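Chain and residue survey
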Amino acid sequence: MHEPALRAAAFGGEPLPDPAVLRGARTSTERLLAAIVLGAQGRYAAAATLLGPLRAAKDPLRSSLAASTLAAHRRQLGGHANARALDGEAFAKAVGLTSAPDPDGLDAAGARADALLGLAADNLALGRLAAARRLAGRAADQHSGWRATVRGGWVGAEIELAAGRGAAAVAPAERAFETAVARGARRHAVKSGIVLAVALRAAGAPDHRKISDDLVGKAMATAEECELLSLLWPAALVAADLRPGHAEEYRFRTAQVLHAVLRSADPCGRRIAEDSPWVPAPGG
């Protein structure tokens, strides 16, 4: 059984598992966890290969979680319209489901929260701010555990940033960061650190500048150490904005990482990234 090691990689303190653990995924839960880890590494084609059969499976819970996971991977490549369709599929499969609770939200309430938060993020990127707020509120009503709290904090902060309310973005970003750190979820702490850094800088307080810079530096270091390429290039982009004296260096690193990510993406993922206004050209 590889599930404990895969959970530690997906949701805990060991984001870089032994490759044999990824190859050894056999049960539906193990394959889902492996796909989550592969997506975090930017290995989207390998993740999609695992998620396709899970989406088509008769188990509606695993099917919903697989659709949400694939949606997240499409969203990471800037494909918000594609992700919205997948998140809608995920929510339709999770409506009315019941299940035993799972410590990491791989249960019915967690599946609904994942889908609703995904839909909120999709709608936000597509310019539908009011819809994003409603969907984020519905996700919070699921009361589905630590992971939804973290992801809800990300989306909540991004909603406030999109509304031009930098100061209001700090509280949800801090909630996400504190929850991820307390849980020992290194991958989630990395993204939470990036979101909090952006929120603090947008809030505009002078004493926030060093905190924001430190958060981005730590996020980049951890993403490099753990090979979290899906987070490394966004962190480098944020660093380019926050550290203008080294902007070219960070943009070059962004281009390097994106080139590696797109080489490991499936054809749909590559097309999405190439067409997306949110993803810089990997050539710089």
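Look a little higher up for the structure.
Anyway, here's the lowdown on the structure attached to this text. (Residues numbered from 1 in each chain as written. Predicted model: local features only at pLDDT ≥ 70, side-chain atom pairs only at ≥ 80, totals over all residues. Heavy atoms only, no water.)

Describing the pattern of salt bridges
Per the counting criterion, the structure on display carries 18 salt bridges. Of the charged contacts, one joins R251 and E248 as a salt bridge, the two residues approaching to 3.3 Å between their closest N and O atoms. One end of the pair is R251 and the other is E248, both in helix 14 (residues 247-263) and three residues apart, which spans about a single turn. Taking relative accessible area as the criterion, E248 reaches 58% and is therefore assigned exposed. (Salt bridge = Lys/Arg side-chain N within 4 Å of Asp/Glu carboxyl O. Helix = DSSP H or I, 4+ residues; strand = E, 2+ residues; numbered from the N terminus. Buried < 20%, exposed > 50% of the residue type's maximum accessible area, 1.4 Å probe, protein only.)

A look at the environment of R138
Turning to its location among the elements, R138 is positioned in helix 8 (residues 129-140). The class of R138 is partly exposed, set by a relative accessible area of 42%. Each C-alpha atom, one on R138 and one on A113, is 7.9 Å from the other, the two residues being 25 residues apart in sequence. For R138, the residues in contact, after removing those within four places along its chain, are F91 and L116. (Contact = heavy atoms within 4.5 Å.)

Considering unusual backbone geometry
Even without a glycine there, the phi angle at H143 is positive, about 50 degrees. For H143, the location among the structural elements is in the loop between helix 8 and helix 9 (146-162). In this model, E227 sits at a positive phi of 60 degrees, which is unusual for a non-glycine residue. As for its position among the elements, E227 is in the loop between helix 12 (208-225) and helix 13 (229-242). Relative accessible area serves as the criterion here: at 43%, E227 is assigned to the partly exposed category.

Structural notes on the packing of helix 4 (residues 44-55) against helix 5 (residues 60-76)
Interhelical geometry of helix 4 versus helix 5 gives an angle of 150 degrees and a closest axis separation of 8 Å. Compared by their axis directions, helix 4 and helix 5 come out roughly antiparallel. Crossing of helix 4 over helix 5 shows left-handed handedness. Across from Y44, A47, A48, L51, L54 and R55 in helix 4, the residues of helix 5 making contact are R62, S63, A66, A67, T69, L70, H73 and Q76. Residue composition of the contact of helix 4 with helix 5, grouped by class: eight nonpolar, four polar and two charged. (Axes fitted to C-alpha atoms, helices over the stretch in contact; angles between N-to-C directions. Parallel < 35°, antiparallel > 145°, perpendicular 65-115°, else oblique. Left-handed = near helix turned anticlockwise from the far one by under 90°. Nonpolar A, V, L, I, M, F, W, Y, C, P; charged D, E, K, R; others polar.)

Description of the layout of surface pockets
The computed volume of the largest pocket comes to approximately 1500 Å³. Residue lining of the largest pocket: 43 residues in total, with R75, Q76, E158, K191 and P234 positioned closest to the centre. Residue contributions to the lining of the largest pocket peak at eight residues, all from helix 13. By residue class, the composition of the lining of the largest pocket is 25 nonpolar, nine polar and nine charged. The volume enclosed by the second largest pocket comes to roughly 280 Å³. Lining the second largest pocket are 16 residues, and of these A136, A140, A148, G152 and R175 sit closest to its centre. Of all elements in the fold, only helix 8 and helix 9 reach the threshold of two or more residues within the lining of the second largest pocket. Considering each element in turn, the lining of the second largest pocket owes the most residues, six residues, to helix 9. (1 Å grid on protein atoms, 1.4 Å probe; cavity = no way out; pocket = protein on both sides within 12 Å on 5 of 7 lines; lining within 4 Å. Points joined across faces, edges and corners; volume = space filled by probe spheres on them.)

Section: the environment of D107
Structurally, the position occupied by D107 is in the loop between helix 6 (80-94) and helix 7 (108-125). Its relative accessible area of 7% is what places D107 among the buried residues. Distance in space between the C-alpha atoms of D107 and L61 is 7.1 Å, their sequence separation being 46 residues. The contact partners of D107, leaving out residues within four places of it in the chain, are L61, S99, A100, P101 and D102.

Digging into the packing of helix 5 against helix 6
In contact at an axis separation of 8 Å, helix 5 and helix 6 are set at 165 degrees when each is read in the N-to-C sense. Between helix 5 and helix 6, the angle is such that the two are roughly antiparallel. In this structure, helix 5 crosses over helix 6, and the sense of that crossing is left-handed. Contact with helix 5, carried on its side by P60, S63, S64, A67, S68, L70, A71, R74 and R75, involves H80, N82, A83, L86, D87, E89, A90, K93 and A94 of helix 6 and no other residues of that element. Within the contact of helix 5 with helix 6, the residues separate by chemical class into eight nonpolar, five polar and five charged.

A short note on the packing of aromatic side chains
Applying the stated criterion across every chain, the model contains one aromatic pair. Aromatic pair F11 and W146: ring centres 6.3 Å apart, planes at 80 degrees, arrangement edge-to-face. Here F11, found in helix 1 (residues 3-11), pairs with W146, found in helix 9; they are 135 residues apart in sequence, far enough to count as distant. Of the two residues, F11 and W146, neither departs from the other in class, the shared state being buried. (Phe/Tyr/Trp six-rings, centres within 6.5 Å; stacked < 30°, edge-to-face > 60°.)

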